[in-house]
Amino acid sequence: MNHVKSYVQVKEYGLLVETGDDTNPNHAEVSTSAFNWLMSNGLSIAGRELVRVKRMGKKLALQVVNFVGVLDTPCGTRIEILPKIYSDQTSMEASRKTLLKMLAVVENLKLEQFNNAHLQVVNQPLIEVLISQFLSQVSLLLKKGLRSEYQRVDAQRSFLKGRLNTVKQMRQRPGRDHIFQISYDTFSVNRAENRLILSAVNIVSRWTRSSQNQRLARELIFAFDGVSKSNNHNEDFKRWSKDRNLTHYRNLESWCKLILFNESPLTMSGNTEGVSFLFPMEVLFERYVEKKLSKLLPNHFSVKGQIKGESLTSHNGQNWFNLRPDLAIYDNGKLAVIADTKWKIINENLNTSKDKYHLAQSDMYQLFAYGEKYLKGQGSLVLIYPKNENFLESLPSFEFKPGLLLHVVPYDLDKDELRINAPILF
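Now for a quick tour of the structure. (Residues numbered from 1 in each chain as written. Predicted model: local features only at pLDDT ≥ 70, side-chain atom pairs only at ≥ 80, totals over all residues. Heavy atoms only, no water.)

## Concerning the pattern of salt bridges
Scanning the model with the defined rule gives 20 salt bridges in all. The residue Asp236 makes a salt bridge to Arg195 at a minimum N-O spacing of 2.8 Å. Here Arg195 lies in helix H6 (residues 192-207) and Asp236 lies in helix H8 (residues 233-238), a separation of 41 residues in the sequence. Since its relative accessible area comes to 3%, Asp236 is described here as buried. With relative accessibility at 14%, the residue Arg195 sits in the buried group. Note that Lys376 and Glu310 form a salt bridge whose closest N and O atoms lie 3.6 Å from each other. Residue Lys376 is located in the loop between helix H11 (361-374) and strand S17 (379-386), and its partner Glu310 is located in strand S13 (residues 310-315); the two are separated by 66 residues in the primary sequence. Taking relative accessible area as the criterion, Lys376 reaches 58% and is therefore assigned exposed. (Salt bridge = Lys/Arg side-chain N within 4 Å of Asp/Glu carboxyl O. Helix = DSSP H or I, 4+ residues; strand = E, 2+ residues; numbered from the N terminus. Buried < 20%, exposed > 50% of the residue type's maximum accessible area, 1.4 Å probe, protein only.)

## Some words on the pairing of S17
Among the eight residues that make up S17, seven are buried, leaving the element largely enclosed by the rest of the structure. One ladder, built from five bridges, connects strand S16 (residues 334-341) with S17; its direction is parallel. In the strand pairing of S17, Ala339 is matched with Val382. At this point the chain moves from S16, through H11, to the parallel S17, and the crossover so formed is right-handed. Here eight bridges tie S17 to strand S19 (residues 404-412), and the two strands are oriented parallel to one another. When the sheet's bridge partners are listed, Pro386 is paired in S19 with Tyr411. (Pairing = 2+ DSSP bridges. Right-handed = clockwise from strand over helix to strand, strands pointing away.)

## Things to note about the sheet that holds strand S4 (residues 51-56)
The sheet built from four strands is open, its strands ordered S3-S2-S5-S4 with mixed pairing. Edge positions in the open sheet fall to strand S3 (28-30) and S4, since each of these has one partner strand only. Taking the axes of each pair of neighbouring strands and ignoring which way they run, one obtains an average angle of 35° across the sheet. Two elements, S4 and strand S5 (residues 59-64), share six bridges in a ladder whose sense is antiparallel. The residue bridging Met56 from the neighbouring strand is Lys59, located in S5. Docked against the sheet, helix H1 (residues 32-41) engages strand S2 (15-18), S3, S4 and S5, running at close to 65° with respect to S5. (Axes fitted to C-alpha atoms, helices over the stretch in contact; angles between N-to-C directions. Contact = heavy atoms within 4.5 Å.)

## A short note on unusual backbone geometry
In the Ramachandran plot, Asn66 falls in the positive-phi region, its phi being about 75° despite a non-glycine side chain. Checked against the element boundaries, Asn66 lands in the loop between S5 and strand S6 (67-72). Here Asn66 falls in the partly exposed class, since its relative accessible area comes to 21%. Positive phi, close to 70°, is recorded for His358, a residue that is not glycine. Examined against the element boundaries, His358 turns out to sit in the loop between S16 and H11. Judged by its relative accessible area of 53%, His358 is exposed.

## Some details on the pairing of S16
Along any regular strand, the residues point their side chains to alternate faces of the sheet. Counting buried positions along S16 yields six of eight residues, so the element is predominantly enclosed. Pairing of strand S15 (residues 327-331) with S16, which is carried by five bridges, proceeds in the antiparallel orientation. Residue pairing for S16: Ile329 is matched across the bridge by Val337.

## Some remarks on the sheet that holds strand S11 (residues 276-280)
Sheet architecture is open: four strands sit in the order S1-S7-S6-S11, paired in mixed fashion. The open sheet is flanked by strand S1 (7-11) and S11, the only strands paired with a single partner. Strand-to-strand twist across the sheet, computed as the mean angle between neighbouring axes with direction ignored, equals 15°. Note: S6 against S11, five bridges, orientation antiparallel. If you follow Val70 over to S11, its bridge partner there is Phe277. Against the sheet, helix H10 (residues 281-296) engages S6 and S11, with an angle of about 60° to S11.

Here it is, written out as structure tokens:
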């Protein structure tokens, strides 16, 4: 009898197979019900694929693509998808460490006592690491105390309190003269910040499978007595105060946004109760590099993401095919370099005109258009790929035309270094 795993780990571009259908240790086995559900629901998610069908002889396999994170199937199988970083031999723990680091930077998460040395021994599932860190932040908040605020209450009472609402009082039907329409202020912990935090704790209490996290979540929910769950996340986030008296709340705002707005980031039918916590890896890489470059470059440089203003062509007086580079680098306020990030694998050893390092021709055309439109045909363009075992140093420069150069460089996610051999103004 085959043992059906309820928790499965797989790396990007790895294969999911039905339990008992494969003996390859690099393939991840899932139950038949989970496999069939992914076949039905994973091929088109918000216009993109989560899995791609592959044929292995007479059998079918599902290749995970585009997203990393955690996903529950209705049958209870939890699938953790980790980024493929550096090489196939990179351990699951190392991939999880890098993903956690990237999420912390991009989502502005504070990971208490979670330095690189500690991350090296992390072997918990991704979702449990995130949940335990969030719950520890909530515990720290409670030790410092929940903040209250005055709130206006409109009520009907048999006694006077606060201010009498004379308009409502006069409109009462006969026989209710003993009832007073009043308004008064009450000092309550049921404020927007506390409602959002409680809502987030309630969600992760359903997500976690760790007995320790479940117990802590129950204790925290009990400690929020007098606070109701948020019925409108957007409105409550608008009310999140930046007051100095709430400085100990600031770390939790990013956590709450991550949990509440990623509760169902993708439409996955039949998955209303389970975790659907998935991130497009190319977007995560782009945002991570943007934030890191801002700190790596000298002070006179600044970095902006997703700039706009130029288009490929004009037609009938309108601009068509807008051009939006991932990154624009300014030197003392003047545009100096246009850069794009690509979460793809290239190989510096494939340096023939046939293989072209596995660079995509469409990417080259895209950068040429950026150079013509944003740099007026003169300057430096940069394509940034993740460093891997076959891409350790920047490639020799590409010349689109005299004065317009493209530099293809690796970003080292382990050391957080941009490996540049050629001068690119910075």
